[in-house]
Amino acid sequence: MTDAHPTHPSALAPETVAVTTGRPARTQGAPVNPPVVLSSTYVSQGVPQPGELMYARADTETWGPFELTLGALERSANRALVFGSGMAAIAAALSLVPRGGRLVLPRHAYQVTLGYARDLAERSDVELQQVDIADTDAVVTALDPAASPTGRATSLLWVESPTNPMLEVADLPALIAAGHAVGALVGVDNTFATPLVQRPLTLGADVVIHSVTKYLAGHSDVVLGAALADDPALHERLHTYRTVHGAIAGPFEVYLALRGVRTLALRVERSQANALELARRLAEHPGVVEVRHPGLPGDPGHARAAAQMDGFGSIIGLRPAGGAAGADALVAALRLWVPATSLGGVESSIERRRRFATESPTVPEDLLRMSVGIEDVEDLWADLDAALRA
């Protein structure tokens, strides 16, 4: 296994944790990076002792450095648990809702999360209630059993902040407290913010998930997810889900994700700065109808984001003139921005979200989700400005 660092990660800045945690022990001649171990099984007879490896569906030494590093970044009491995809991690978290339970979740969220929740409702008699996650009073009301048509208690409050793709910002401390007040677990998808910008476990969240595919890996070359929980029993339930459902990751993909995390601080710093500058310019452009970015002083989520986040993220919501047709024309006219459905990579990408039939119906038809990368901001702006004017 690895030696985190001679200084405990909790005493270090996140930027340092991302680089130093999960390294091999410092012995003469040892490698600086942990190796990739390609083995499906391990030498074992009898009952394995705690921490002893036996079969790679349960644990591998190649997962350990990444899980240790992400756990330290989120200030978790436990290692993270890496999954084969972000949706595998989300499915594990939503499995905490029992049959016949109740799930409160945002009206705007990752569309596949919403689709999985609907499937859960059909398969397991789970009652769903969607709510504007930025409206704290509405969420508190929805959590109360009195809001349930059948009087069910809320099992899990699911939060995205900022939301995908509308960039609404939730009052995390208030919602976590409200969820716990009614006996519910609180799960937070922290993909958009990353642990460098927001750490929900430190605010009392029960479960945090990431699509590692996005900012953590950061190079659009792996599909992975991760889940974290401070409570040992919850951590073990998530681990058991991963093992039993086989929702596991390949060792080389996890190695690439760890390599991506090493530059996370630099990438987030650059992409956030780019996003804020572009959002400011877009807000004044004659070819733009609306811009959403928490860093803009006039954005509905600005004050809340400034109070509870260490930045404003790297995603912009853009509504250009011309409706959906104008949005499609803008994407087609761009040369540097990549028309792609993912986000969080070093490259800047853009897409019209309502091209998906499963996207939330309250998302505007002309909304473009822009994931700002680390390119030169003037080059990105020149491409946008030319396409908007065209």
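Just above, that's the structure.
Attention in this report is confined to the structure presented alongside it. No experiment lies behind these values; they were computed from the predicted model shown.

Considering the packing of aromatic side chains
- Counting across every chain of the model gives one aromatic pair.
- Centre to centre, the rings of F252 and Y255 are 5.9 Å apart; their planes meet at 25 degrees, and the pair counts as stacked. Of the two residues, F252 and Y255 are both situated in helix 8 (residues 251-262); the distance of three residues between them amounts to about one turn of the helix.
- Its guanidinium or amino end placed over the ring of Y116, R123 lies 5.8 Å from that ring's centre, counting from NZ or CZ.

A few points about the layout of surface pockets
- A volume near 370 Å³ is recorded for the largest pocket.
- Considering the residues around the largest pocket, the lining is formed by 22 residues, among which Y110, N164, T191, S211 and K214 are closest to the centre.
- Here the element with the most residues in the lining of the largest pocket is helix 3 (residues 86-94); it accounts for three residues.
- Taken together, twelve residues make up the lining of the second largest pocket; nearest its centre are P50, G51, E52, L53 and D59.
- Tallied by class, residues from the lining of the second largest pocket come to seven nonpolar, two polar and three charged.

Quick notes on the pattern of salt bridges
- Taken as a whole and judged by the stated rule, the model has 24 salt bridges.
- Between R242 and E67 there is a salt bridge, with its nearest N and O atoms 2.9 Å apart. A residue pair is termed long-range when its members are at least 10 positions apart, and R242 in helix 7 (residues 232-245) and E67 in helix 2 (residues 63-73) qualify at 175 residues.
- Members of the salt-bridge network, linked through shared partners, are E351, R353, R355, E359 and R369.

Structural notes on the sheet that holds strand 5 (residues 185-189)
- Spatially, the seven strands line up as an open sheet ordered 1-7-6-5-4-2-3, and their pairing is mixed. A strand with exactly one partner marks an edge of an open sheet, and here the two such strands are strand 1 (81-83) and strand 3 (127-131). For this sheet the average axis-to-axis angle between neighbouring strands, irrespective of direction, equals 20 degrees.
- Bridge count for strand 5 against strand 6 (residues 207-211) is three bridges, and the pairing is parallel. Its bridge partner being in strand 6, D189 is matched across the sheet by I209.
- Seen against the sheet, helix 5 (residues 136-143) touches strand 2 (102-106), strand 3 and strand 4 (156-160) and runs at an angle of roughly 170 degrees to strand 2.
- Taken strand by strand, helix 6 (residues 172-181) contacts strand 4 and strand 5, and its axis lies near 150 degrees from that of strand 5.

Looking at the environment of A226
- In this fold, A226 is placed in strand 7 (residues 225-228).
- A relative accessible area of 0% means that A226 is categorised as buried.
- In this structure, the C-alpha to C-alpha distance between A226 and E351, residues 125 residues apart in sequence, is 25 Å.
- Setting aside chain neighbours within four positions, we find A226 in contact with L70, L81, V82, F83, A89, V208, I209, H210 and V212.

Overview of unusual backbone geometry
- At the junction of S161 and P162, the peptide bond is cis and its omega measures out at -10 degrees in the coordinates.
- Summarising the element assignment, P162 is placed in the loop between strand 4 and helix 6.
- Note that the residue after N164, namely P165, is joined by a cis bond; omega there is 5 degrees.
- Within the element layout of this structure, P165 appears in the loop between strand 4 and helix 6.
- The backbone of S220 shows a phi angle near 55 degrees, a positive value even though the residue is not glycine.
- Within the secondary structure layout, S220 lies in the loop between strand 6 and strand 7.

Section: the environment of A117
- In this fold, A117 is placed in helix 4 (residues 111-124).
- A residue is classified by how much of its surface remains accessible, and A117, at 1% relative accessible area, is buried.
- Beyond its immediate chain neighbours, meaning those up to four positions away, A117 contacts L103, L105 and L128.

Topic: the sheet that holds strand 9 (residues 315-320)
- Strand order in this open sheet of five strands is 8-9-12-11-10, and the pairing throughout is mixed. With one partner strand each, in any of the chains shown, strand 8 (288-292) and strand 10 (338-339) form the two edges of the open sheet.
- Here strand 10 runs beside strand 11 (residues 349-352); their pairing, made up of two bridges, is parallel. Bridging across to strand 11, V338 finds its partner in S349.

What counts and how
Starting afresh in each chain, residues are numbered from 1 along the sequence in its written order. Under the rules for a predicted model, residues below a pLDDT of 70 receive no local features and side-chain atom pairs below 80 are neither given nor counted, while totals for whole chains, interfaces and linings still include all residues. Calculation of side-chain values draws on the structure's entire complement of heavy atoms; hydrogens and water are dropped beforehand. Only Phe, Tyr and Trp rings are paired, with Trp represented by its six-membered ring, and only when their centres lie within 6.5 Å; those with planes under 30 degrees apart are stacked, over 60 edge-to-face, the remainder tilted. Helix and strand assignments follow DSSP, with helices taken as H or I runs no shorter than four residues and strands as E runs no shorter than two, numbered in order from the N terminus. By the criterion adopted, a ring carries a charge over it if an Arg CZ or a Lys NZ lies within 6 Å of its centre and within 35 degrees of its normal. Both cavities and pockets are sets of points on a 1 Å grid over the protein atoms alone; in a cavity a 1.4 Å probe fits but cannot get out, in a pocket the set is open with protein on both sides within 12 Å along at least five of seven lines, and lining residues sit with an atom within 4 Å of a point. Grid points are joined across faces, edges and corners, and a volume is the space filled by probe spheres set on the points. Each residue gets one of three labels, nonpolar for Ala, Val, Leu, Ile, Met, Phe, Trp, Tyr, Cys and Pro, charged for Asp, Glu, Lys and Arg, and polar for the others, Gly among them. Basic side-chain nitrogens of Lys or Arg form a salt bridge, by our definition, when they fall within 4 Å of a carboxyl oxygen of Asp or Glu. Whether two strands pair comes down to DSSP finding at least two bridges between them. For helices, the fitted line uses only the C-alpha atoms of the stretch in contact; every axis is such a line through C-alpha atoms, and the angle between N-to-C directions lies from 0 to 180 degrees. Throughout, a residue-residue contact means that at least one pair of heavy atoms, one from each residue, lies within 4.5 Å. The cut-offs for exposure are 20% and 50% of the maximum accessible area for each residue type, with area from a 1.4 Å probe on protein chains only; residues under the lower value are buried, those over the upper are exposed, and the others partly exposed.

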